[in-house]
Amino acid sequence: MNIHEYQAKELYKKYGIPIPKGIPAMNVDEAAKAAETLIAETGSEVVVVKAQIHAGGRGKAGGVKVVKGTAAAREAAQDIYGKTLVTHQTGPEGKVVQRLFVEQGVAIEKEFYLALAIDRETRTIAVMASPEGGVNIEEVAEEHPEKIFKAYIDLATGVMPYQIRHLAYGLGLDKKGTKSFGRMLRKLTDLFVKEDCSIAEINPLILTGEGEVMALDAKVNFDSNAHFRHAEMWDALEDKSEVAATESEAQAAGLSYIQLDGNIGCLVNGAGLAMSTMDTIQYYGGQPANFLDVGGGATQESVTTAFKIILRSDSVKGIFVNIFGGIMKCDIIANGVVAATKELGLKVPLVVRLAGTNVEKGKEILANSGLNITPADTMADGAQLIVKLAGGK
Ligand code: GDP
Ligand code: MN
(Lines give C-alpha, C1' and ligand atoms only; values in the text may rest on other atoms or scores of the structure.)
(Ligands and ions follow the chains in the order given, each with its own letter.)
Protein backbone atom coordinates (compact mmCIF):
# COMPACT_ATOMS: atom_id res chain seq x y z
CA MET A 1 0.00 0.00 0.00
CA ASN A 2 1.24 3.40 -1.07
CA ILE A 3 0.88 6.74 0.75
CA HIS A 4 1.63 10.35 -0.13
CA GLU A 5 4.93 12.12 0.53
CA TYR A 6 3.40 14.41 3.17
CA GLN A 7 1.99 11.39 5.02
CA ALA A 8 5.32 9.60 4.87
CA LYS A 9 7.04 12.71 6.20
CA GLU A 10 4.60 12.88 9.11
CA LEU A 11 5.74 9.36 9.99
CA TYR A 12 9.39 10.35 9.57
CA LYS A 13 8.83 13.24 11.96
CA LYS A 14 7.31 10.90 14.52
CA TYR A 15 10.50 8.83 14.42
CA GLY A 16 12.78 11.86 14.64
CA ILE A 17 14.05 11.74 11.05
CA PRO A 18 15.00 15.27 9.92
CA ILE A 19 12.65 16.75 7.30
CA PRO A 20 11.92 20.31 6.15
CA LYS A 21 8.95 22.10 7.75
CA GLY A 22 5.88 21.50 5.63
CA ILE A 23 2.09 21.87 5.55
CA PRO A 24 -0.28 19.80 3.35
CA ALA A 25 -2.90 21.69 1.33
CA MET A 26 -6.06 20.36 -0.28
CA ASN A 27 -6.59 23.39 -2.56
CA VAL A 28 -4.88 26.54 -3.86
CA ASP A 29 -6.07 28.81 -1.02
CA GLU A 30 -4.78 26.41 1.59
CA ALA A 31 -1.46 26.25 -0.25
CA ALA A 32 -1.10 30.05 -0.23
CA LYS A 33 -1.95 30.12 3.46
CA ALA A 34 0.56 27.34 4.14
CA ALA A 35 3.26 29.35 2.34
CA GLU A 36 2.43 32.43 4.40
CA THR A 37 2.64 30.44 7.64
CA LEU A 38 5.97 28.84 6.68
CA ILE A 39 7.49 32.16 5.64
CA ALA A 40 6.47 33.73 8.94
CA GLU A 41 7.80 30.76 10.90
CA THR A 42 11.15 30.37 9.16
CA GLY A 43 11.86 33.98 8.23
CA SER A 44 12.80 32.80 4.73
CA GLU A 45 10.80 33.65 1.62
CA VAL A 46 11.73 30.46 -0.22
CA VAL A 47 9.07 27.74 -0.28
CA VAL A 48 8.55 24.61 -2.37
CA VAL A 49 5.13 23.66 -3.74
CA LYS A 50 4.89 19.93 -4.42
CA ALA A 51 2.24 17.86 -6.16
CA GLN A 52 1.08 14.91 -4.06
CA ILE A 53 0.45 11.91 -6.28
CA HIS A 54 1.35 8.25 -5.85
CA ALA A 55 4.29 8.45 -8.26
CA GLY A 56 7.82 9.76 -8.40
CA GLY A 57 9.43 11.85 -11.11
CA ARG A 58 7.26 14.85 -10.26
CA GLY A 59 10.19 17.24 -10.42
CA LYS A 60 10.89 16.59 -14.10
CA ALA A 61 7.16 16.73 -14.93
CA GLY A 62 6.70 20.21 -13.42
CA GLY A 63 5.11 19.00 -10.20
CA VAL A 64 7.72 20.54 -7.87
CA LYS A 65 8.25 24.31 -7.85
CA VAL A 66 10.73 26.26 -5.75
CA VAL A 67 9.41 29.83 -5.40
CA LYS A 68 9.87 33.04 -3.41
CA GLY A 69 7.01 34.61 -1.48
CA THR A 70 3.32 33.91 -0.87
CA ALA A 71 2.09 35.32 -4.18
CA ALA A 72 4.49 33.16 -6.17
CA ALA A 73 3.53 30.13 -4.08
CA ARG A 74 -0.14 30.75 -4.92
CA GLU A 75 0.75 30.96 -8.60
CA ALA A 76 2.74 27.74 -8.43
CA ALA A 77 -0.15 26.03 -6.63
CA GLN A 78 -2.60 27.26 -9.29
CA ASP A 79 -0.26 25.86 -11.89
CA ILE A 80 0.06 22.41 -10.35
CA TYR A 81 -3.33 21.82 -8.71
CA GLY A 82 -5.80 19.93 -10.89
CA LYS A 83 -3.14 19.31 -13.52
CA THR A 84 -2.58 15.83 -14.94
CA LEU A 85 1.03 14.95 -14.28
CA VAL A 86 2.67 12.43 -16.57
CA THR A 87 5.89 11.02 -15.10
CA HIS A 88 7.87 7.89 -15.83
CA GLN A 89 5.96 6.22 -12.98
CA THR A 90 2.36 7.24 -13.77
CA GLY A 91 1.91 5.57 -17.15
CA PRO A 92 0.83 7.58 -20.22
CA GLU A 93 -2.57 8.50 -18.73
CA GLY A 94 -0.90 10.41 -15.87
CA LYS A 95 -2.35 11.34 -12.48
CA VAL A 96 -4.52 14.30 -11.52
CA VAL A 97 -3.07 16.41 -8.69
CA GLN A 98 -5.68 16.70 -5.94
CA ARG A 99 -3.40 17.42 -3.00
CA LEU A 100 -0.42 19.69 -2.50
CA PHE A 101 2.40 19.91 0.01
CA VAL A 102 4.09 23.22 0.77
CA GLU A 103 7.52 23.10 2.38
CA GLN A 104 10.17 25.53 3.50
CA GLY A 105 12.95 25.82 0.94
CA VAL A 106 16.19 24.18 1.99
CA ALA A 107 19.68 24.94 0.71
CA ILE A 108 21.12 21.77 -0.81
CA GLU A 109 24.83 21.08 -0.40
CA LYS A 110 24.64 17.64 -2.01
CA GLU A 111 21.96 15.16 -3.10
CA PHE A 112 22.08 11.43 -2.29
CA TYR A 113 19.86 8.39 -2.66
CA LEU A 114 18.82 6.12 0.20
CA ALA A 115 16.36 3.24 0.22
CA LEU A 116 15.35 0.38 2.47
CA ALA A 117 13.57 -2.68 1.10
CA ILE A 118 12.86 -6.22 2.22
CA ASP A 119 15.37 -8.74 0.90
CA ARG A 120 13.60 -12.08 0.91
CA GLU A 121 16.65 -14.09 -0.01
CA THR A 122 18.74 -13.04 2.99
CA ARG A 123 15.71 -12.25 5.20
CA THR A 124 17.15 -8.86 6.00
CA ILE A 125 16.45 -5.25 5.24
CA ALA A 126 18.50 -4.28 2.23
CA VAL A 127 19.86 -0.75 2.36
CA MET A 128 20.89 0.96 -0.85
CA ALA A 129 22.73 4.26 -0.80
CA SER A 130 24.21 6.24 -3.65
CA PRO A 131 26.06 9.53 -4.02
CA GLU A 132 24.14 9.95 -7.29
CA GLY A 133 20.91 11.18 -5.74
CA GLY A 134 18.02 13.28 -7.01
CA VAL A 135 18.25 11.85 -10.51
CA ASN A 136 16.82 8.69 -12.01
CA ILE A 137 18.20 5.98 -9.75
CA GLU A 138 17.21 3.28 -12.26
CA GLU A 139 19.74 4.83 -14.67
CA VAL A 140 22.49 4.83 -12.04
CA ALA A 141 21.80 1.18 -11.25
CA GLU A 142 22.04 0.35 -14.95
CA GLU A 143 25.04 2.41 -15.99
CA HIS A 144 27.02 2.79 -12.75
CA PRO A 145 26.18 -0.12 -10.45
CA GLU A 146 29.45 0.54 -8.60
CA LYS A 147 27.91 3.79 -7.37
CA ILE A 148 25.24 1.97 -5.39
CA PHE A 149 26.45 0.91 -1.94
CA LYS A 150 24.60 -1.82 -0.08
CA ALA A 151 24.23 -3.22 3.41
CA TYR A 152 21.95 -5.93 4.74
CA ILE A 153 20.50 -5.29 8.17
CA ASP A 154 20.01 -8.37 10.28
CA LEU A 155 16.91 -7.83 12.43
CA ALA A 156 18.57 -9.59 15.38
CA THR A 157 21.49 -7.14 15.54
CA GLY A 158 20.05 -4.02 13.96
CA VAL A 159 22.19 -1.47 12.11
CA MET A 160 25.89 -2.15 12.85
CA PRO A 161 28.50 0.62 13.07
CA TYR A 162 30.59 -0.91 10.27
CA GLN A 163 27.53 -0.78 7.99
CA ILE A 164 27.06 2.91 8.71
CA ARG A 165 30.76 3.54 7.95
CA HIS A 166 30.58 1.55 4.70
CA LEU A 167 27.53 3.44 3.43
CA ALA A 168 28.71 6.86 4.63
CA TYR A 169 32.07 6.27 2.95
CA GLY A 170 30.21 5.47 -0.26
CA LEU A 171 28.30 8.74 0.04
CA GLY A 172 31.52 10.63 0.68
CA LEU A 173 30.39 12.01 4.04
CA ASP A 174 32.73 13.57 6.58
CA LYS A 175 32.74 12.74 10.30
CA LYS A 176 29.81 14.99 11.17
CA GLY A 177 27.82 13.81 8.15
CA THR A 178 28.50 10.18 9.01
CA LYS A 179 27.19 10.64 12.54
CA SER A 180 24.08 12.38 11.26
CA PHE A 181 23.59 9.67 8.61
CA GLY A 182 23.99 6.91 11.21
CA ARG A 183 21.33 8.44 13.42
CA MET A 184 18.96 8.72 10.47
CA LEU A 185 19.55 5.16 9.26
CA ARG A 186 18.83 3.77 12.74
CA LYS A 187 15.60 5.74 12.98
CA LEU A 188 14.53 4.84 9.46
CA THR A 189 15.16 1.16 10.18
CA ASP A 190 13.12 1.44 13.36
CA LEU A 191 10.26 3.00 11.38
CA PHE A 192 10.59 0.39 8.64
CA VAL A 193 10.19 -2.50 11.10
CA LYS A 194 7.55 -1.05 13.42
CA GLU A 195 5.34 0.31 10.66
CA ASP A 196 5.62 -2.86 8.51
CA CYS A 197 7.05 -1.18 5.43
CA SER A 198 7.99 -2.93 2.23
CA ILE A 199 9.85 0.13 0.90
CA ALA A 200 11.15 3.34 2.44
CA GLU A 201 12.93 5.53 -0.09
CA ILE A 202 14.49 8.96 0.27
CA ASN A 203 15.44 10.59 -3.04
CA PRO A 204 17.00 13.01 -2.57
CA LEU A 205 18.53 12.61 0.82
CA ILE A 206 20.48 15.83 1.19
CA LEU A 207 23.39 17.30 3.03
CA THR A 208 22.40 20.69 4.45
CA GLY A 209 24.63 23.72 4.85
CA GLU A 210 25.12 22.64 8.46
CA GLY A 211 26.61 19.35 7.33
CA GLU A 212 23.65 17.24 8.47
CA VAL A 213 21.52 14.88 6.39
CA MET A 214 17.82 15.54 5.77
CA ALA A 215 15.04 13.77 3.87
CA LEU A 216 13.89 16.10 1.10
CA ASP A 217 11.57 13.53 -0.44
CA ALA A 218 9.96 10.51 1.23
CA LYS A 219 8.32 7.43 -0.17
CA VAL A 220 6.82 4.72 2.01
CA ASN A 221 5.06 1.54 0.96
CA PHE A 222 3.41 -0.66 3.55
CA ASP A 223 3.32 -4.44 3.34
CA SER A 224 -0.40 -5.11 2.82
CA ASN A 225 -0.07 -8.47 4.58
CA ALA A 226 0.33 -6.55 7.84
CA HIS A 227 -2.89 -4.59 7.38
CA PHE A 228 -4.48 -6.27 10.40
CA ARG A 229 -1.82 -4.75 12.66
CA HIS A 230 -2.38 -1.17 11.46
CA ALA A 231 -5.94 -1.28 10.10
CA GLU A 232 -7.16 1.96 11.63
CA MET A 233 -4.13 4.05 10.69
CA TRP A 234 -3.68 2.63 7.21
CA ASP A 235 -7.36 2.98 6.32
CA ALA A 236 -7.17 6.64 7.38
CA LEU A 237 -4.02 7.18 5.28
CA GLU A 238 -5.33 5.50 2.14
CA ASP A 239 -6.14 7.92 -0.68
CA LYS A 240 -8.93 6.03 -2.44
CA SER A 241 -8.74 8.26 -5.52
CA GLU A 242 -5.23 6.90 -6.16
CA VAL A 243 -6.37 3.27 -6.27
CA ALA A 244 -7.97 2.16 -9.55
CA ALA A 245 -11.73 2.18 -8.85
CA THR A 246 -12.14 -1.34 -10.17
CA GLU A 247 -9.35 -2.63 -7.95
CA SER A 248 -10.93 -1.28 -4.78
CA GLU A 249 -14.36 -2.59 -5.87
CA ALA A 250 -12.80 -6.01 -6.42
CA GLN A 251 -11.03 -5.84 -3.07
CA ALA A 252 -14.32 -5.09 -1.31
CA ALA A 253 -15.87 -8.17 -2.96
CA GLY A 254 -12.99 -10.34 -1.75
CA LEU A 255 -11.49 -10.83 -5.22
CA SER A 256 -7.82 -10.67 -6.18
CA TYR A 257 -7.92 -8.40 -9.20
CA ILE A 258 -5.15 -6.57 -11.02
CA GLN A 259 -5.73 -4.52 -14.14
CA LEU A 260 -3.35 -5.13 -17.04
CA ASP A 261 -3.09 -3.53 -20.47
CA GLY A 262 -4.10 -6.42 -22.75
CA ASN A 263 -7.54 -7.05 -24.30
CA ILE A 264 -8.61 -10.49 -23.06
CA GLY A 265 -10.58 -10.48 -19.82
CA CYS A 266 -9.98 -13.52 -17.62
CA LEU A 267 -12.20 -15.00 -14.93
CA VAL A 268 -10.38 -17.77 -13.12
CA ASN A 269 -10.40 -19.48 -9.73
CA GLY A 270 -7.13 -19.98 -7.91
CA ALA A 271 -4.03 -17.81 -8.22
CA GLY A 272 -1.98 -20.58 -9.81
CA LEU A 273 -4.58 -21.32 -12.47
CA ALA A 274 -4.98 -17.56 -13.06
CA MET A 275 -1.23 -17.23 -13.65
CA SER A 276 -1.09 -20.17 -16.02
CA THR A 277 -4.18 -18.91 -17.86
CA MET A 278 -2.40 -15.61 -18.45
CA ASP A 279 0.73 -17.46 -19.61
CA THR A 280 -1.26 -19.66 -21.96
CA ILE A 281 -3.05 -16.65 -23.50
CA GLN A 282 0.31 -14.99 -24.08
CA TYR A 283 1.74 -18.23 -25.45
CA TYR A 284 -0.93 -18.19 -28.17
CA GLY A 285 -0.24 -14.56 -29.01
CA GLY A 286 -2.83 -12.76 -26.88
CA GLN A 287 -2.55 -10.27 -24.03
CA PRO A 288 -4.58 -10.62 -20.81
CA ALA A 289 -6.57 -7.54 -19.72
CA ASN A 290 -6.44 -8.54 -16.08
CA PHE A 291 -5.42 -11.00 -13.44
CA LEU A 292 -8.50 -12.21 -11.59
CA ASP A 293 -8.73 -14.90 -8.99
CA VAL A 294 -12.28 -15.29 -7.65
CA GLY A 295 -10.95 -17.67 -5.01
CA GLY A 296 -12.38 -20.89 -3.68
CA GLY A 297 -15.04 -19.50 -1.40
CA ALA A 298 -16.57 -17.03 -3.86
CA THR A 299 -20.33 -16.49 -3.71
CA GLN A 300 -22.58 -15.94 -6.68
CA GLU A 301 -22.55 -12.22 -5.80
CA SER A 302 -18.78 -11.93 -5.88
CA VAL A 303 -18.61 -13.85 -9.16
CA THR A 304 -21.22 -11.47 -10.57
CA THR A 305 -19.16 -8.48 -9.42
CA ALA A 306 -16.05 -10.01 -10.97
CA PHE A 307 -17.74 -10.57 -14.33
CA LYS A 308 -19.26 -7.09 -14.28
CA ILE A 309 -15.83 -5.54 -13.75
CA ILE A 310 -14.59 -7.36 -16.86
CA LEU A 311 -17.70 -6.53 -18.93
CA ARG A 312 -17.44 -2.81 -18.11
CA SER A 313 -13.90 -2.46 -19.41
CA ASP A 314 -13.68 -0.84 -22.86
CA SER A 315 -10.36 -2.46 -23.60
CA VAL A 316 -11.75 -6.00 -23.25
CA LYS A 317 -12.32 -7.53 -26.71
CA GLY A 318 -12.94 -11.06 -25.52
CA ILE A 319 -13.47 -12.98 -22.27
CA PHE A 320 -12.06 -16.30 -21.18
CA VAL A 321 -13.67 -18.03 -18.21
CA ASN A 322 -11.40 -20.81 -17.05
CA ILE A 323 -12.67 -22.68 -14.00
CA PHE A 324 -11.47 -25.80 -12.32
CA GLY A 325 -14.23 -26.56 -9.84
CA GLY A 326 -12.91 -27.89 -6.56
CA ILE A 327 -14.29 -26.05 -3.59
CA MET A 328 -15.68 -23.60 -6.11
CA LYS A 329 -18.68 -25.07 -7.88
CA CYS A 330 -19.11 -24.63 -11.63
CA ASP A 331 -22.81 -23.80 -11.29
CA ILE A 332 -22.02 -20.82 -9.04
CA ILE A 333 -19.69 -19.47 -11.72
CA ALA A 334 -22.30 -20.06 -14.44
CA ASN A 335 -24.98 -18.27 -12.41
CA GLY A 336 -22.64 -15.33 -11.82
CA VAL A 337 -21.84 -15.04 -15.52
CA VAL A 338 -25.52 -15.13 -16.45
CA ALA A 339 -26.53 -12.60 -13.76
CA ALA A 340 -23.83 -10.13 -14.80
CA THR A 341 -24.57 -10.36 -18.53
CA LYS A 342 -28.30 -9.90 -17.85
CA GLU A 343 -27.48 -6.51 -16.37
CA LEU A 344 -24.73 -5.33 -18.68
CA GLY A 345 -25.19 -7.36 -21.85
CA LEU A 346 -22.46 -9.26 -23.66
CA LYS A 347 -20.92 -7.50 -26.64
CA VAL A 348 -17.68 -9.46 -26.94
CA PRO A 349 -16.89 -13.14 -27.59
CA LEU A 350 -16.98 -15.39 -24.53
CA VAL A 351 -15.10 -18.67 -24.26
CA VAL A 352 -15.86 -20.88 -21.27
CA ARG A 353 -13.94 -23.87 -20.03
CA LEU A 354 -15.45 -25.58 -17.01
CA ALA A 355 -14.17 -28.69 -15.25
CA GLY A 356 -14.70 -30.30 -11.88
CA THR A 357 -17.42 -29.99 -9.26
CA ASN A 358 -20.96 -29.57 -10.68
CA VAL A 359 -19.60 -29.19 -14.20
CA GLU A 360 -22.75 -30.64 -15.83
CA LYS A 361 -25.01 -28.27 -13.91
CA GLY A 362 -22.80 -25.34 -14.86
CA LYS A 363 -22.79 -26.22 -18.54
CA GLU A 364 -26.56 -26.62 -18.50
CA ILE A 365 -27.08 -23.16 -16.96
CA LEU A 366 -24.88 -21.58 -19.63
CA ALA A 367 -26.51 -23.57 -22.45
CA ASN A 368 -29.98 -22.43 -21.35
CA SER A 369 -28.92 -18.81 -20.89
CA GLY A 370 -29.31 -17.87 -24.54
CA LEU A 371 -25.83 -16.33 -24.43
CA ASN A 372 -23.45 -16.77 -27.32
CA ILE A 373 -20.84 -18.90 -25.63
CA THR A 374 -18.01 -20.84 -27.24
CA PRO A 375 -17.25 -23.87 -25.07
CA ALA A 376 -13.74 -25.25 -24.74
CA ASP A 377 -12.55 -28.57 -23.37
CA THR A 378 -9.07 -27.61 -22.21
CA MET A 379 -7.24 -24.49 -21.14
CA ALA A 380 -5.07 -24.59 -24.27
CA ASP A 381 -8.12 -24.90 -26.57
CA GLY A 382 -9.87 -22.09 -24.73
CA ALA A 383 -6.86 -19.78 -24.88
CA GLN A 384 -6.38 -20.37 -28.61
CA LEU A 385 -10.07 -19.79 -29.29
CA ILE A 386 -10.30 -16.53 -27.37
CA VAL A 387 -7.10 -15.14 -28.88
CA LYS A 388 -8.56 -15.80 -32.34
CA LEU A 389 -12.02 -14.44 -31.50
CA ALA A 390 -10.61 -11.31 -29.86
CA GLY A 391 -8.68 -10.53 -33.02
CA GLY A 392 -5.19 -11.62 -32.12
CA LYS A 393 -2.83 -9.26 -30.34
P1 GDP B 1 10.22 13.66 -7.35
O2 GDP B 1 10.74 14.27 -8.61
O3 GDP B 1 8.80 13.19 -7.50
O4 GDP B 1 11.10 12.57 -6.84
O5 GDP B 1 10.17 14.84 -6.27
P6 GDP B 1 11.29 15.35 -5.22
O7 GDP B 1 10.66 15.59 -3.92
O8 GDP B 1 12.46 14.45 -5.21
O9 GDP B 1 11.72 16.76 -5.80
C10 GDP B 1 12.42 16.89 -7.04
C11 GDP B 1 13.59 17.84 -6.93
O12 GDP B 1 13.17 19.13 -6.50
C13 GDP B 1 14.62 17.45 -5.90
O14 GDP B 1 15.53 16.48 -6.39
C15 GDP B 1 15.31 18.76 -5.60
O16 GDP B 1 16.37 19.00 -6.51
C17 GDP B 1 14.21 19.79 -5.82
N18 GDP B 1 13.76 20.30 -4.50
C19 GDP B 1 12.79 19.79 -3.72
N20 GDP B 1 12.72 20.48 -2.57
C21 GDP B 1 13.67 21.46 -2.61
C22 GDP B 1 14.12 22.49 -1.71
O23 GDP B 1 13.64 22.67 -0.61
N24 GDP B 1 15.14 23.30 -2.14
C25 GDP B 1 15.70 23.14 -3.36
N26 GDP B 1 16.70 23.95 -3.72
N27 GDP B 1 15.34 22.18 -4.22
C28 GDP B 1 14.33 21.34 -3.86
MN1 MN C 1 12.30 12.29 -5.32
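Summarised in this report is the structure supplied together with it. This is a predicted model, so every value here is computed, not measured.

**Brief notes about the overall build of the chain**
Regarding its fold elements, the chain presents 13 helices and 18 strands. By its C-alpha atoms, the chain is 75 × 50 × 40 Å across when sized along the principal axes. A total of 393 residues make up the chain; the buried ones form 49% of that total. Taking all contacts inside the chain whose residues are at least 6 apart in sequence as the whole, residues at least 24 apart take part in 68%. If you sum the accessible surface of the chain, you get close to 19000 Å²; carbon and sulfur atoms cover 52% of it.

**Let's talk about the environment of Ile-148**
In this structure, Ile-148 sits in the loop between α4 (137–143) and β9 (149–153). In this view, Ile-148 contacts Met-128, Ala-129, Ser-130, Ile-137, Val-140 and Ala-141; residues no more than four positions away in its chain are not counted.

**A look at the packing of helix α11 (residues 330–344) against helix α12 (residues 359–367)**
Helix-helix packing is described using two parameters, namely the angle between the two axes and the distance between the axes. Running from N to C, α11 and α12 point in directions that differ by 15°, and their axes come no closer than 7 Å. As the angle between them shows, α11 and α12 are arranged roughly parallel. Viewed along their axes, α11 and α12 form a crossing whose handedness is right-handed. Here Cys-330, Asp-331, Ala-334, Asn-335, Val-337 and Val-338 of α11 come into contact with α12, specifically with Val-359, Lys-361, Gly-362, Ile-365 and Leu-366. Its residues assigned to classes, the contact of α11 with α12 shows 7 nonpolar, 2 polar and 2 charged.

Basis of the calculations
- Sequence order as written defines residue numbering, which begins from 1 separately in each chain.
- Both sets of labels track the order of writing: A upward for chains, 1 upward for ligands.
- Predicted model: local features are reported for residues with pLDDT of at least 70 only, side-chain atom pairs are reported and counted for 80 or more only, and whole-chain, interface and lining totals are derived from all residues.
- Processing note: side-chain calculations cover all non-hydrogen atoms of the structure and skip hydrogens and water entirely.
- A helix here means a DSSP run of H or I that spans at least four residues, while a strand means a run of E at least two residues long, and both kinds are numbered starting from the N terminus.
- To sort residues, take the accessible area from a 1.4 Å probe on protein chains only and compare it with the maximum for the residue type: under 20% means buried, over 50% means exposed, and anything in between is partly exposed.
- We call two residues in contact whenever any of their non-hydrogen atoms come within 4.5 Å of each other.
- Areas reported as accessible are Shrake-Rupley estimates using a 1.4 Å probe. Residue values count occlusion only from the protein chains shown.
- To get an axis, a line is fitted to the C-alpha atoms, and for a helix only the part in contact is used. The angle between two axes follows their N-to-C directions and goes from 0 to 180 degrees.
- Oblique is the label for any angle not under 35 degrees, not over 145, and not in the 65 to 115 range, which are roughly parallel, roughly antiparallel and roughly perpendicular in turn.
- Left-handed describes a crossing whose near helix is turned anticlockwise from the far helix by less than a right angle; the clockwise case is right-handed.
- Ten residues, namely Ala, Val, Leu, Ile, Met, Phe, Trp, Tyr, Cys and Pro, are considered nonpolar, four, namely Asp, Glu, Lys and Arg, are considered charged, and the remaining ones, Gly among them, are considered polar.

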